[in-house]
Amino acid sequence: MRAKGILPTFHECPYCHGKKIGRIRRGLYKCYQCRKEWSRRRGSKLEKYRVTLQKVLLAVKLFELETSVRKASHQLGLAYNTTYTLYDLIRKTILHLTTNNNRFSGEIEVDESYFGGRRKGKRGRGAPNKIPVFGILERGGKVRVEVVDDVKGDTLLNLSLKKVKRGSLVYTDKFRSYDGLVSYGFKHERIDHGLKFANGKVYINGIEGFWSFAKDRLMKYHGVDPEKFPLYLKELEFRYNYRNSDLFDVVMRQLKM
Ligand SMILES: [Zn+2]
């Protein structure tokens, strides 16, 4: 694994912009004009971390392999909390890749689902302790998901407007909250799960594929802290959208910036 290239290279002093600078000892630069010193990590995402670059690279690798924080901390020889903050840094780095505001267009699948909560009791829409999540998938493209306060018509239609270009063809199930899509300027086709699962092109198997991908992974964690859930959901979105890419490379490229 290449440790070089994660940190910025300095060609001038960040204080006085003088060009007479040098490496004085491991990890430290010095300006011979203004006499100031600075760390090799200055301005990098790793500035606050005291962990060696080799360990950062290994942490990204372990994250890619979906190793738990506990197991990763043993392999890295780092405290649980340190490993946790490294994972957190990786998740926040990923967040930059998932928050782009281009609207989806073409053929879109829209659906909502519930995450978390106890297994007992009411299931499905309106179950207590469950976190509602809204999802959009562009066929042949990416999925985008987010936690919502509720699944009322206004909420879901407003989100659809924000994230999908008008005139797109939107596929949903029979849920009433999607009733207004046509009056918002979308073409709208519905699939009735009660009748048959897929009717020609009228299906939402794509977004449902994401729901099961995400829920399979969440099972391993025996529930996620509701406060951390939005960040974790974005991680799952990222893993799904980049499931055919080299995650390690994608994260490293992002970590450098
Ligand atoms: Zn200087």
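Basis of the calculations
- Residues numbered from 1 in each chain as written.
- Predicted model: local features only at pLDDT ≥ 70, side-chain atom pairs only at ≥ 80, totals over all residues.
- Heavy atoms only, no water.
- Donors = N, O, S within 2.8 Å, 3.2 Å for Na, K, Ca; no water.
- Tetrahedral: all angles 85-135°; square planar, octahedral: opposite > 155°, others 65-115°.
- Buried < 20%, exposed > 50% of the residue type's maximum accessible area, 1.4 Å probe, protein only.
- Salt bridge = Lys/Arg side-chain N within 4 Å of Asp/Glu carboxyl O.
- Helix = DSSP H or I, 4+ residues; strand = E, 2+ residues; numbered from the N terminus.

A.B. asks: Please provide a residue-by-residue account of the coordination of the zinc ion, values included.
C.D. replies: Ideal geometry at a metal centre gives angles of 109.5 degrees when four donors are arranged tetrahedrally and 90 or 180 degrees when six donors are arranged octahedrally. Protein-derived ligands of the zinc ion are C13 (SG), C16 (SG), C31 (SG) and C34 (SG), with the metal-ligand distances lying across 2.3 to 2.4 Å. One can describe the site at the zinc ion as tetrahedral: its four donor atoms subtend angles covering 106 to 116° at the metal. All donors of the zinc ion come from a single chain, and their spacing in sequence reads C-x2-C-x14-C-x2-C. Residue classification places C31 among the buried residues on the basis of a relative accessible area of 0%.

A.B. asks: Tell me what's going on with the pattern of salt bridges, and back it up with residues and numbers.
C.D. replies: Once the charged atoms of two side chains with opposite charge are near each other, the side chains can pair. A complete count under the given rule lists 11 salt bridges for this structure. The partner of R217 in a salt bridge is E66, and the shortest N-O contact between them spans 3.2 Å. Here the residue R217 occupies a position in helix 5 (residues 205–220), and E66 occupies one in the loop between helix 1 (53–64) and helix 2 (69–76), the gap between them amounting to 151 residues. Given a relative accessible area of 21%, R217 falls into the partly exposed group. A salt bridge links E235 to R91, with the shortest nitrogen-to-oxygen separation between them at 2.2 Å. Remark: R91 occurs in helix 3 (residues 80–98) and E235 occurs in helix 6 (residues 229–241); sequence separation between them is 144 residues. Taking relative accessible area as the criterion, E235 reaches 2% and is therefore assigned buried.

Bear in mind that shape data such as this cannot, by itself, settle questions of function.
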